[in-house]
Amino acid sequence: LYNVIGKKEWEEIFGFNYKLFYNFIVFIIYRIFMFNYVRITHDVEYIKRYEDAFPDSKKCYFTKKELYNFFNNNPQIDKILDFISIDINKQVKKTDSKKLLYYNGKYYLYFIWDFIYNLFDEIEIRILEHTVDVDKFYHKKGKCFESLCYDKLCKYYPKDKIYKNLKYDYMGGNNEVDLILELPKSYLIFECKSSEFNIDKFNSNRELYKRFLTAFGRGFKTIDNLDNYIKSGNNIFYKETKKKLLNLNFKDKKVYFVNLSLYNIEYLQTQIQKIKKEFIKPANVYPICWNYLDFGSIMKLSPLDIKLFEQYLEKRTRLLNKKKSITFDIDEIDAF
């Protein structure tokens, strides 16, 4: 989101420096890890070092005083805390519990995962309140998300094995593939979706599925089209023009699809193939569904054992498409 709007607009909207904000969030997460480790370890020396360093944080994650000291009493810390935290007695809506909870000078947090995703939602809501050209913002966000995913893949795999924004001709029009990763025995094809999806906004399953279709329906259709293109024996792709054609080896390699969301879709991602037909028309092929945190975690681990990673892709795809009634997992990290 910061890359979408830039430094000047960020500081006009939020009133605090982005780098300070980023470091502050990272600091909070590290402190939570430290506290949790103290609660489960039997390392007496580590516990003593922690309690000596943070004498007021034996029963909470951190104190307000500690936060100020660590960041040299920077006055912007007040603005950041106002944005990311709430007094425990002043919660009004259910998403308030996903914030940093303040009580008597001390801070608590229930779920890091929900905190991060809710923070993303809060930032976007604030940006949209100040945005004049909303369509331009959404378009730029989509392009930024694709670039972000491409850059992440390049950290873990050679660039010559990653294809971005390839086009192909099918059913009377040119079609585009966001990302393709070539693995030893397969191709992993990503459809990147940055459409807003917040489960806390829906009051019924029907509302939820309707929004899911708006946010991801086109992505599922794109995956279906590409699957049909490949199964029809086609393998020709190109970049901007057809001057340089690329032939992918679909005869000797399997193909797996991932629907990759910028938003938290953990509640739906392992169940989408089970949704009743009156809500959502069935897809020809159901992709593996990752949100961005899944993507970062799984892709970072995958090079450690690519053979095992490809086994996951094969088994997961088979489970989603051939064994639809089986409830195997809670979320995609669980399945992985």
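Residues numbered from 1 in each chain as written. Predicted model: local features only at pLDDT ≥ 70, side-chain atom pairs only at ≥ 80, totals over all residues. Heavy atoms only, no water.

### Quick notes on the side chain of K253
Along the chain, K253 turns up in the loop between strand 9 (245-247) and strand 10 (254-261). Residue K253 is classed as buried on the basis of its relative accessible area, which comes to 15%. Engagement of the side chain of K253 in a polar contact is seen with the side chain of E182, the distance being 3.0 Å. Engagement of the side chain of K253 in a polar contact is seen with the backbone oxygen of L183, the distance being 2.8 Å. (Helix = DSSP H or I, 4+ residues; strand = E, 2+ residues; numbered from the N terminus. Buried < 20%, exposed > 50% of the residue type's maximum accessible area, 1.4 Å probe, protein only. Polar contact = N/O pair within 3.5 Å; in protein donor to acceptor, adjacent residues only side chain to side chain.)

### Structural notes on a nonpolar patch on the surface
Residues L301, L304 and F336 make up a contiguous nonpolar surface patch of roughly 310 Å² in combined accessible area. Residue L301 is classed as partly exposed on the basis of its relative accessible area, which comes to 43%. (Patch = residues over 30% accessible without salt bridge, like charges linked within 9 Å, V, L, I, M, F, W, Y side chains within 5 Å. Areas by Shrake-Rupley, 256 points an atom, 1.4 Å probe, with all protein chains shown as cover. Salt bridge = Lys/Arg side-chain N within 4 Å of Asp/Glu carboxyl O.)

### Let's talk about the sheet that holds strand 3 (residues 100-103)
Strand order across the open sheet formed by four strands is 1-4-3-2, with mixed pairing between neighbours. What marks the edges here is a single partner per strand, and that holds for strand 1 (62-63) and strand 2 (85-87). Relative to strand 4 (residues 106-108), strand 1 runs antiparallel, the two being bridged by two bridges. Across the sheet, residue T63 finds its bridge partner in strand 4, namely K106. (Pairing = 2+ DSSP bridges.)

### Describing the confidence of the model for the chain
Within the chain, residue pLDDT values average 90, and 98% of them lie at 70 or more. Considering each helix and strand of the chain separately, the mean pLDDT is smallest for helix 9 (residues 266-269), with a value of 67, and largest for strand 7 (residues 186-193), with 96. (pLDDT = per-residue confidence, 0-100.)

### Quick look at the nonpolar core
Among the nonpolar cores identified, the biggest contains 82 residues, and I84, L188, F190, W290 and F309 are the most heavily contacted of them. The biggest single contributor to this core is helix 2 (residues 18-40), with 10 residues. Core analysis: the second largest hydrophobic core is formed by 17 residues, Y163, Y170, V177 and V285 among them. (Core = buried A, V, L, I, M, F, W, Y, C linked by side-chain atoms within 4.5 Å.)

### Some points on the pattern of salt bridges
Side-chain pairs of opposite charge can arise whenever the charged atoms involved come near each other. Overall, the coordinates contain 13 salt bridges when judged by the stated rule. Between R49 and E45 there is a salt bridge whose closest N-O contact spans 3.5 Å. Here the residue R49 and the residue E45 both occupy positions in helix 3 (residues 44-53), the gap between them amounting to four residues, near one helical turn. What makes R49 partly exposed here is its relative accessible area of 48%.

### Comments concerning the packing of helix 2 against helix 5 (residues 76-84)
Running from N to C, helix 2 and helix 5 point in directions that differ by 60 degrees, and their axes come no closer than 11 Å. Note that helix 2 runs across helix 5; the crossing there is right-handed. Across the interface between the two elements, L20, F21, F24, I25 and I28 from helix 2 touch Q76, I77, I80, L81 and I84 from helix 5. (Axes fitted to C-alpha atoms, helices over the stretch in contact; angles between N-to-C directions. Left-handed = near helix turned anticlockwise from the far one by under 90°. Contact = heavy atoms within 4.5 Å.)

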